[in-house]
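Here is what each chain is made of, one letter per residue.
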Amino acid sequence: LVVFTSDHGEMGGSHALMNKGVWQEESTRVPMIVRAPGAPAGTEIDTPVSAGVDIMPTLLDWVGGPPEPTASGASILAMVRAGEGRAHHPVFSEMAGGHDWIMVRDGDWKYVEGRASGEPIALHNLADDPRELENLVGSDTGDEGRSLRAELRQWRSSVGLI
């Protein structure tokens, strides 16, 4: 089993920004390549996963070890072996310091709020708006915005940010 990953990206001028530390996909997406014997080669899966918490459960799954009881992630080995994305848990990210935000990505939806304030900053449907140009905060998005905010609140509480 080979897992290759990297650091998150730079903005490179997108959204008129150069560095990293923002919630847009150009900064938060991380490349990851996984090769497992018997898994279909050359398959691209776009299901968001969290390298920081999903790699350890994946490695434990690979060696047949018991799940780590304190791990918050989930194994992605079934997705790798099948060569297709599946429903997975929400992915969270945060930035403290000069930029102050916290984010949840669940499927095609992304919600961002102030890390300290809890005030909504951005809501995007990445299927309809992959470049994150239309901020849907305050618009009628049905249950999506409320659901993402509740997921983020639960995560914030679980890691001691509330």
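Going along each chain's sequence as written, the residues are numbered from 1 onward. Thresholds applied to this predicted model are a pLDDT of at least 70 for local features of residues and 80 or more for the giving and counting of side-chain atom pairs; totals over whole chains, interfaces and linings are not thresholded and use all residues. Water and hydrogen atoms play no part in the side-chain values, which are based on all heavy atoms of the structure.

Quick look at the confidence of the model for the protein now. For the protein, per-residue confidence averages 83 on the pLDDT scale, and residues scoring 70 or more make up 90% of the total. Here helix H1 (residues 25-28) is the element of the protein with the lowest mean pLDDT, 72, and strand S6 (residues 120-125) is the one with the highest, 93. Each residue carries a pLDDT score, the predictor's confidence in it, ranging from 0 to 100. Helical segments are the DSSP runs of H or I of at least four residues, strand segments are the runs of E of at least two, and each set is numbered from the N terminus.

Note on aromatic pairs: the rings of Phe, Tyr and Trp (six-membered ring only in Trp) are paired at centre separations within 6.5 Å, and the planes decide the class, stacked below 30 degrees, edge-to-face beyond 60, tilted for the rest. Under the definition given, this model contains one aromatic pair. Relative to Trp155, the ring of Phe92 lies with its centre 4.8 Å away and its plane at 5°, an arrangement referred to as stacked. Taken as a pair, Phe92 in strand S3 (residues 91-95) and Trp155 in helix H4 (residues 144-158) lie far apart in primary sequence, 63 residues in all. Whether a residue is buried, partly exposed or exposed follows from its accessible area with a 1.4 Å probe, protein chains only, as a fraction of its type maximum: under 20%, in between, or over 50%, in that order. Look at Phe92 and you get partly exposed, because its relative accessible area is 21%.

Turning next to the pattern of salt bridges. In the sections that follow, a salt bridge refers to a side-chain nitrogen of Lys or Arg positioned within 4 Å of a carboxyl oxygen of Asp or Glu. Inspection of every chain in the model, using the stated rule, returns five salt bridges. Across the pair Lys110 and Glu132 runs a salt bridge, and its minimum N-O distance is 3.1 Å. Residue Lys110 is found in strand S5 (residues 109-114), and its partner Glu132 is found in the loop between S6 and H4; the two are separated by 22 residues along the sequence. The exposure class assigned to Lys110 is buried, which follows from its relative accessible area of 0%. For Glu132, a relative accessible area of 5% corresponds to the buried category. Note that Glu113 and Arg149 form a salt bridge whose closest N and O atoms lie 3.7 Å from each other. Of this pair, Glu113 sits in strand S5 while Arg149 sits in helix H4, placing them 36 residues apart in sequence. For Glu113, a relative accessible area of 0% translates into the label buried. A single network of salt bridges, built from pairs that share partners, joins Glu113, Arg149, Arg153 and Arg156.

Criterion used throughout: strands pair if DSSP finds at least two bridges between them. Two strands pair when backbone bridges link them, and S3 and strand S4 (residues 101-106) are joined in this way by five bridges, in the antiparallel orientation. Paired with Glu94 across the bridge in S4 is Ile102. Hairpin connection between S3 and S4: a loop of five residues separates the two successive antiparallel strands, and Gly97 in this loop has a positive phi of roughly 110°.

Looking now at helix H2 (residues 51-63). The span expected for a helix works out to 1.5 Å for each residue beyond the first. The first and last C-alpha atoms of H2 sit 18 Å apart over 13 residues, in line with the 18 Å expected at 1.5 Å per residue. Along H2, the positions that sit buried rather than exposed are Asp54, Pro57 and Thr58. Relative to the axis of H2, the buried residues are bounded by an arc of 105° and lie together on one face. Summarising the geometry of H2, the exposed residues directed more than 90 degrees from the buried face are Gly52 and Val63. Residues of H2 that are buried sit in contact with helix H3 (77-82). Within two residues after H2, Gly64 carries a phi angle of roughly 80°, on the positive side. Comment: arc refers to directions from the helix axis out to C-beta atoms. Any two residues whose heavy atoms approach within 4.5 Å at even a single point are treated as in contact.

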